[in-house]
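# Remarks on the overall topology
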Amino acid sequence: MRIDEDTGGSAWAPAGAGAPRPAGGSRRRSVPRHVACVMDGNGRWAAQRSLPRTSGHRAAETTVIDVIEAARSAGVEWLSLYAFSTENWRRPGSEVDFLMHLVRRVVRKHAPLLHARGIRCRILGGSDSRIPAPLARDFDDLMTLTGANRGMTLTVAFDHGGRGDIVEAARSLIRSGVAADAVSEQSFAAHLPFPDTPDVDLVIRTSGEQRISNFMLWQVAYAEWVFPPVLWPDFRAAHFVECVHTYQQRDRRFGGVAPDVNGAPRP
C-alpha cells in the first residue's frame, strides 16, 4: 500500500499499482522521507474515561503499531517516535516504573514482527542509569536483531533530550580537537547520535498541543509541523495519511523564494 502523492487528495492503493495522473496537471508532492511523531495525549485520554494514566499508556501500543505500518506502507523511509524524554523522569515513580515494564513488554512482543517487515530499529537516548538493565539489554538486542535490515528505519527516542544531544556533540568535537574555525554545520552534525539520520521533514504532534518539548532539536530545524487534535491512543492510519496529505500541500522553501509557473519569484 502507498499514499497517492497527488496534491488533490490522499488514498490507499495496492503496492506496485500505477499512481493516478494528477488531474489538471497539478504538481505532485513526494511523501516525506522522515516523519517524527510526538506521541501526546495518553494521560488526557485516560482522564476522559476516568481511568488511571497508565491505561492511556497501555492503549497507546495499538497506535504505535498502526502508525509504524502506515508509515511503512506509505513509503516513509525514516520514522521517529518520541517515547520518553529526559524530562519524563520527573513523573511519579509508579508511572515511570509502569512505563519501563510496558516498553519492555512491547519491545519483546513486537521485535519479531518488526524484523520480519525489514524494519531497522534504533534507540535514540537510553543512557540513563535509571533504565532497568533488562530493558537496556532488550534495546541492544532489538538493534542487533534488526541492524542489517534495509527497509524503513524506526528510531525510538527513549530517555532523549535534544539539548543534551547538542551538548554531547559539542563535547565530542572538543575532544576530537577540531579547531573552532573548522567547525561547520556538517562537521557538528557528524558528532550527533546516528549522524546518518536525515533531517526531519514532518513532525506530527497529537492532542493539539503546539510545542517542541526538546525533541530532536537539530534535526527538526526545517520540519513542517502538523498538530492534529486527536489524542495519541485514538490516532490511526487514516489520521497519519491525512497529516502526510497536509504536508504535501505545503510549499517548502527553506527560507528561499519559490518560482511561479512563469518562472518569476513569488513573494
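Structure shown above.
To keep things clear, this report deals only with the structure shown in the data block. These figures come from a predicted structure and were not determined experimentally.

## A short note on the environment of Val183
- As for its position among the elements, Val183 is in the loop between helix H5 (162–175) and helix H6 (185–189).
- Given the relative accessible area of 36%, Val183 is considered partly exposed.
- The sequence separation of Val183 and Ala170 amounts to 13 residues, and the corresponding C-alpha distance is 9.9 Å.
- Excluding residues within four positions of it along the chain, Val183 makes contact with Leu173 and Val178.

## Here we look at the packing of aromatic side chains
- Counted under the stated rule, the structure contains seven aromatic pairs.
- Relative to Trp89, the ring of Phe84 has its centre 5.0 Å away and its plane inclined at 80 degrees; by these criteria the two rings are edge-to-face.
- Assessed through its relative accessible area of 1%, Phe84 is described here as buried.
- Where Phe84 meets Phe158, the ring centres are 5.1 Å apart and the plane angle is 25 degrees; that geometry is what we call stacked. A residue pair is termed long-range when its members are at least 10 positions apart, and Phe84 in strand S4 (residues 78–85) and Phe158 in strand S6 (residues 153–160) qualify at 74 residues.
- The exposure class assigned to Phe158 is buried, which follows from its relative accessible area of 1%.

## A short note on the sheet that holds strand S8 (residues 224–226)
- What the six strands build is an open sheet, ordered S5-S6-S4-S3-S7-S8; its pairing is parallel. At either end of the open sheet lies a strand with only one pairing partner, and these are strand S5 (120–125) and S8. Looking at each pair of strands side by side, their axes are set apart by 20 degrees on average, direction ignored.
- As paired elements, S4 and S6 share seven bridges and run parallel to each other. Each residue of the ladder has a partner; that of Leu81, found in S6, is Val156.
- Helix H4 (residues 133–146) rests against S5 and S6 of the sheet, and its axis sits at about 140 degrees to S5.

## Details of the environment of Thr246
- Tracing the sequence through the fold places Thr246 in helix H7 (residues 237–248).
- Sequence-wise, Thr246 and Trp225 are 21 residues apart; in three dimensions their C-alpha atoms are separated by 9.5 Å.

## A look at the pattern of salt bridges
- Counted according to the given criterion, the structure contains 20 salt bridges.
- Asp201 is the salt-bridge partner of Arg252, the closest N and O atoms lying 2.9 Å from each other. Of the two residues, Arg252 is situated in the segment after H7 and Asp201 in the loop between H6 and strand S7 (202–205); the sequence distance between them amounts to 51 residues.
- Looking at Asp201, the relative accessible area reads 14%, which means it is buried.
- Measuring nitrogen to oxygen at the nearest pair gives 2.7 Å for the salt bridge that ties Arg211 to Glu209.
- Residue Arg211 is classed as partly exposed on the basis of its relative accessible area of 43%.

## Some words on the nonpolar core
- With 45 residues, the main nonpolar core has Ile68, Leu79, Leu154, Phe158 and Phe240 as its most contacted residues.
- Core analysis: the next-biggest nonpolar cluster, separate from the first, contains 12 residues, Val38, Ala157, Val203 and Val220 among them.

How each quantity is defined
- Residues numbered from 1 in each chain as written.
- Predicted model: local features only at pLDDT ≥ 70, side-chain atom pairs only at ≥ 80, totals over all residues.
- Heavy atoms only, no water.
- Helix = DSSP H or I, 4+ residues; strand = E, 2+ residues; numbered from the N terminus.
- Buried < 20%, exposed > 50% of the residue type's maximum accessible area, 1.4 Å probe, protein only.
- Contact = heavy atoms within 4.5 Å.
- Phe/Tyr/Trp six-rings, centres within 6.5 Å; stacked < 30°, edge-to-face > 60°.
- Pairing = 2+ DSSP bridges.
- Axes fitted to C-alpha atoms, helices over the stretch in contact; angles between N-to-C directions.
- Salt bridge = Lys/Arg side-chain N within 4 Å of Asp/Glu carboxyl O.
- Core = buried A, V, L, I, M, F, W, Y, C linked by side-chain atoms within 4.5 Å.

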